[in-house]
Amino acid sequence: MAHTPRTFTSLDAVTAAANGSSRRTRGPERITVELNWTGQPTAVDVRLEARIGSGDWTQIGRDDQMTDAPADADADFLYQFEAVDGEIRLRLVTMTAGTSPTCTGKIRIGGVA
């Protein structure tokens, strides 16, 4: 049975490497990630991470985007995984060059799995 979808901002206009805020998952759920950045960075490396209980964070997805266009860009990527009583978050690993670049990442949990 699918849970009602809920969206939260994990990375909120971050300007350097950072661990995003996390939310609990409640079983088999679809995970959708939306990334947006400003300031025309030349490279953005964001990881989708999960953990169960108080265990270590583990990478379950990665979006390593190169933005060659002069305009700002964004990306969407979709992951589906099964976790019981787990947590999920985004982690900005690197963001290169640009003019005062920022990265915002939202996670949508739920919907049809």
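Residues numbered from 1 in each chain as written. Predicted model: local features only at pLDDT ≥ 70, side-chain atom pairs only at ≥ 80, totals over all residues. Heavy atoms only, no water.

Novice: Looking at this structure, I do not really get the pairing of strand 8 (residues 86-96). What am I missing?
Specialist: Sheet faces and side chains relate simply in a regular strand, where the side chains alternate between the two faces. As judged from the 2 bridges shared by strand 2 (residues 18-19) and strand 8, these two strands associate in the antiparallel manner. Among the inter-strand pairings, Asn19 is bridged to a residue of strand 8, identified as Arg91. Inspection of the sheet shows strand 3 (residues 23-24) paired to strand 8 by 2 bridges, in the antiparallel sense. In the sheet register, Arg24 faces strand 8, and the bridge partner there is Glu87. (Pairing = 2+ DSSP bridges. Helix = DSSP H or I, 4+ residues; strand = E, 2+ residues; numbered from the N terminus.)

Novice: Looking at this structure, I do not really get the pattern of salt bridges. What am I missing?
Specialist: Overall, the coordinates contain 4 salt bridges when judged by the stated rule. Close ionic contact of Asp45 with Arg47 constitutes a salt bridge, the shortest N to O distance being 3.0 Å. This pair shows no difference in class: Asp45 is buried, exactly as Arg47 is. Arg89 is paired through a salt bridge with Glu49; the nearest N and O atoms lie 2.7 Å apart. In this pair, Arg89 is assigned in strand 8 and Glu49 in strand 5 (residues 43-52), connecting sequence segments 40 residues apart. One connected set of salt bridges, linked through shared partners, spans Glu49, Arg89 and Arg91. (Salt bridge = Lys/Arg side-chain N within 4 Å of Asp/Glu carboxyl O. Buried < 20%, exposed > 50% of the residue type's maximum accessible area, 1.4 Å probe, protein only.)

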